[in-house]
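# Structure assessment
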Amino acid sequence: MLKTPELLAPAGNMESLVAAVENGADAVYLGIRDFSARAYAGNFGIEELSDVLDFAHLRGVKVYVTMNTLIKDSEIKKALDIMYTLDELGADAIIVQDMGLLELARIKVPSLPIHASTQMTTHNTEGVRFLKNMGVKRIVLARELSLEGIAEIKTKTDAEIEVFVHGALCICYSGQCLMSSMIGGRSGNRGYCAQPCRKQYNLRKDGKQVETDGSYLLSPKDLNTSDILPELIKTGMDSFKIEGRMKRPEYVAGVVRIYRRLIDRFAGDPNNYFVTEEEKENLEQLFNRGFTTGYLKADPAGELMSRQRPHNQGIVIGEVTGFNNKLNRMEITLTRELEVGDGIGFEDSRDCGTIIRGIYIGNRLEKKAGTGDIITINFDQPPKNGTLVYRTLDDSLMKELQASYSSPAPIRKVPVSIGFKAHIGEKLELSISDIENNTSTVICEYIVERSQKRPTTEDDVSRQLAKTGNTVFEAQNIAVDMPDDAFIPIKELNNARNKATAELESIRTLKWRRPAHDRSCEMPEKQTEVTGNAEPIGKSDEKRTLLSVTVNSPGNLNSALKSGADLIYIDISLKGLQDKAWKTAISLASERKIPLYLHTPLIVKDREVPKLKETIVLAKELGFEGIVAANTGVLGIASNCGMRILADSSLNVFNRYSLQALEQNGVDTVTLSTEMNLGQITELAKYGDCEYIVHGQIRIMESEHCLIGGLSEQKDDNALNCASLCKSGNFEIVDEKGFEFPVKTDPECRTHIFNSRELCLLDDIPQLIRAGVSRLRADARNMDDKRVAMVTRAYRANIDACYTGETKYIWHGSDINEEHTRGHYHRGVI
């Protein structure tokens, strides 16, 4: 029998929480004002959570609290204190991104369930197993997986899995977007995404502008799985998640209501599932940038994108057919109904719109108009004739949805059974039980008397006990045990009912509370010795800071070898490792005793895992010393290979506990997040072997979407092959300020977008070495051989100078690139 998935709804504030609960959510997820990936949502204060949890739990709804940002080392104590409070209050789970927070919760708050956020970029079976072994109860999968991929992960792991079913999509894999932070210091990984994907860009190829159908090149449509919900249910997913903590409560109410109906409709009759036209239209009306099923059915290519309208476009309700300059009235021919109070917008216009205050049909002022009517409305910014008109707000729908969560009497009811006992000469007794076997029993002081005139009947008792008023309870069964001649005053019946319902409310809410924690206990910490500030630094050879270089061609490798690299990370495919030129270069590295690491991709879906494993085996045979692991799945694979493991920066290490958690899982060295500043780097370097990326083009986005191929729409039968148009030249996107972001496409047709300025920290090498950083990495993958040699020599010289005191051959950033950036090295992120 198919399992009915949980319906999980967003709650950005209290109104949205009530809207979600009253319209049928099984669970809600919400943020607190610290450590939430939606920092701009209303969110909740920790002091509000007791009432919030009681409200939901009373109605049988679970509450998951998002702590899904990266946590700075200085914030760990506060985060732990919040977790203690959440556990004591009875939160059903926390949703986390930070691996250190995950490890801290597992050790210090073991009774608090942990869900791994989609921000952890979990996209393969091995990644799910890795997190499951770390104590994670539920994993929220990346949104870039297919139905088959999701089902395979569920079958192979039997883990509790959550997937998104409706709402906004990110163009980048969640947890891997650095664009907002690199442009303006507002980190998406810290909850402050400025949504650069919803901005305008021009596309250039080989320096020349390319015409595109719309300029919002990174703006996806919204996810809508209503039509394919049965297929999703059949994958065995445990929870269906609706995106929208930034959306208004009417949106939450409407979307939750519809998905509740759809899930129940399929459960009731799987062979006759349908979505009504009204349901489709309401989903569209509530919010849409155009709809897509994402990657669930197939690679959507260009159909994924909403390049012309990055905001809510509403529903087409007509077109402009004239304008009266004298009266400042616009004429619209309607194809749908329009009412006073509705909002409208126009094709290709983001800022031009209005709320309808009056509708004229001829000279008559009306409150509404229908299909085929030609109307005029007051408007002073005339669009051209033929412009499509969109209804962006349906006032009647909004009012209907508002009523679903603003009524003082609860709509959502908890069914209960009531037992009543009244024997003459004994105390009156009343019990109320819910379907979860919670029972409250009240024995009143009132002694039941024999009736002198009119006895109280069973119907009298049942009628009075059924009046549960504004409580959440609804009597489904009432059993009355009393003689025919008993008399019970209505006041006593009311008092007994009220006392029993109040007690059952307490039972239903307090049972989730957990024991108080001893907050005086601290985690043991491992701290290594850090070099002092004397210069030259004077470490022994084996403790010197090493220079690592990432390359992706045999020529790059030779240049790095000859120019002084201590370690080399090779980004290479299985086919590449079998190439003669590569084997020659690898042999040279072996002769020079330079350790080589296999640099694995950020994204490795299950279908790509067998080839990756073959590549690892061959690399080991060729003498590679280690693996650069960029996701949790590769970490799991690498731990069984007998090679050293370097955790890449994409694992988002931001605090000592993340570092230590990775070390406990077999990692030898950790590459710190590129969003960290010097002070934070210095603090973390005390706790283990750390690497920091000091040079190169920093990847700020990786997307499953082939940007260039999607624009061309010339896709052949193979969903992974977009006719190689993406490799026909050098591409870049240019923002409204003129900054140029290089765009590259990998062999799997995934898009990589790089920062507009090359990172260069040549001038900061002494401080990084004093900080105790074990390795400094230059990413040379986008360089020609000559430049690889120059960059490697420059960093070799500056590192050596820190130990010898020789400053004659020091290089400066301007020697490499006049327009470089120092990234977050000084400023950090919010």
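Coordinates for the structure precede this section.
Here is a short report on the structure shown in this document. (Residues numbered from 1 in each chain as written. Predicted model: local features only at pLDDT ≥ 70, side-chain atom pairs only at ≥ 80, totals over all residues. Heavy atoms only, no water.)

### Re the packing of helix H5 (residues 125-133) against helix H6 (residues 147-157)
Closest axis-to-axis distance for the H5/H6 pair is 9 Å, and the angle between their directions is 45°. Accordingly, the angle class assigned to the pair H5 and H6 is oblique. Crossing geometry of H5 relative to H6 is assigned as right-handed. Contacts from Thr125, Val128, Arg129 and Lys132 in H5 reach Glu152, Ile153, Lys156 and Thr157 in H6. Its residues assigned to classes, the contact of H5 with H6 shows 2 nonpolar, 2 polar and 4 charged. (Axes fitted to C-alpha atoms, helices over the stretch in contact; angles between N-to-C directions. Helix = DSSP H or I, 4+ residues; strand = E, 2+ residues; numbered from the N terminus. Parallel < 35°, antiparallel > 145°, perpendicular 65-115°, else oblique. Left-handed = near helix turned anticlockwise from the far one by under 90°. Contact = heavy atoms within 4.5 Å. Nonpolar A, V, L, I, M, F, W, Y, C, P; charged D, E, K, R; others polar.)

### Brief notes about H5
Burial in H5 covers these residues: Thr125, Glu126, Gly127, Val128, Phe130 and Leu131. Directly after H5, the chain includes Gly135, whose backbone phi takes a positive value near 100°. (Buried < 20%, exposed > 50% of the residue type's maximum accessible area, 1.4 Å probe, protein only.)

### Examining the sheet that holds strand E38 (residues 740-745)
What the 6 strands build is an open sheet, ordered E9-E8-E37-E38-E39-E36; its pairing is antiparallel. In this open sheet, the two strands that pair with only one neighbour each are strand E9 (208-210) and strand E36 (699-703). Across the sheet, the mean angle from the axis of one strand to that of its neighbour is 30°, orientation sign disregarded. For E38 and strand E39 (residues 751-754), the ladder comprises 3 bridges, and the chain directions are antiparallel. Counterpart to Lys744 in the pairing with E39 is His752. (Pairing = 2+ DSSP bridges.)

### Quick look at the pattern of salt bridges
Counted according to the given criterion, the structure contains 62 salt bridges. Residue Arg265 is joined to Glu279 by a salt bridge in which the shortest nitrogen-to-oxygen separation is 2.8 Å. Residue Arg265 is found in helix H9 (residues 249-268), and its partner Glu279 is found in helix H10 (residues 277-286); the two are separated by 14 residues along the sequence. For Glu279, a relative accessible area of 3% corresponds to the buried category. A salt bridge links Glu702 to Arg699, with the nearest nitrogen and oxygen atoms 3.2 Å apart. Under the relative-accessibility criterion, Glu702 is labelled buried at 2%. The network of salt bridges with shared partners includes Lys605, Arg607, Glu608, Glu704, Glu748 and Arg750. (Salt bridge = Lys/Arg side-chain N within 4 Å of Asp/Glu carboxyl O.)

### Topic: the side chain of Thr157
In this fold, Thr157 is placed in helix H6. On the accessibility criterion, Thr157 (8% relative accessible area) is buried. At a separation of 2.7 Å, a polar atom in the side chain of Thr157 contacts the main-chain carbonyl oxygen of Ile153. Non-local contacts of Thr157, meaning those with residues more than four positions away in its chain, are made with Thr125, Val128, Arg129 and Lys132. (Polar contact = N/O pair within 3.5 Å; in protein donor to acceptor, adjacent residues only side chain to side chain.)

### As for a negative patch on the surface
A cluster of like negative charges, contributed by Glu458, Asp459, Asp481 and Asp484, occupies part of the molecular surface. For Glu458, the location among the structural elements is in helix H12 (residues 458-465). When its relative accessible area of 42% is taken as the criterion, Glu458 is described as partly exposed. (Patch = residues over 30% accessible without salt bridge, like charges linked within 9 Å, V, L, I, M, F, W, Y side chains within 5 Å. Areas by Shrake-Rupley, 256 points an atom, 1.4 Å probe, with all protein chains shown as cover. Lys, Arg positive; Asp, Glu negative; His and termini not counted. Charge placed at Lys NZ, Arg CZ, Asp CG, Glu CD.)

### Focus on unusual backbone geometry
Here the phi dihedral of Asn43 falls at roughly 60°; this positive angle occurs in a residue that is not glycine. Examined against the element boundaries, Asn43 turns out to sit in the loop between strand E2 (27-31) and helix H2 (49-58). The phi dihedral of Asp158 falls on the positive side, at around 55°, and the residue is not glycine. Assignment of secondary structure puts Asp158 in the loop between H6 and strand E7 (160-167).

So yeah, pure geometry; function would need other evidence.
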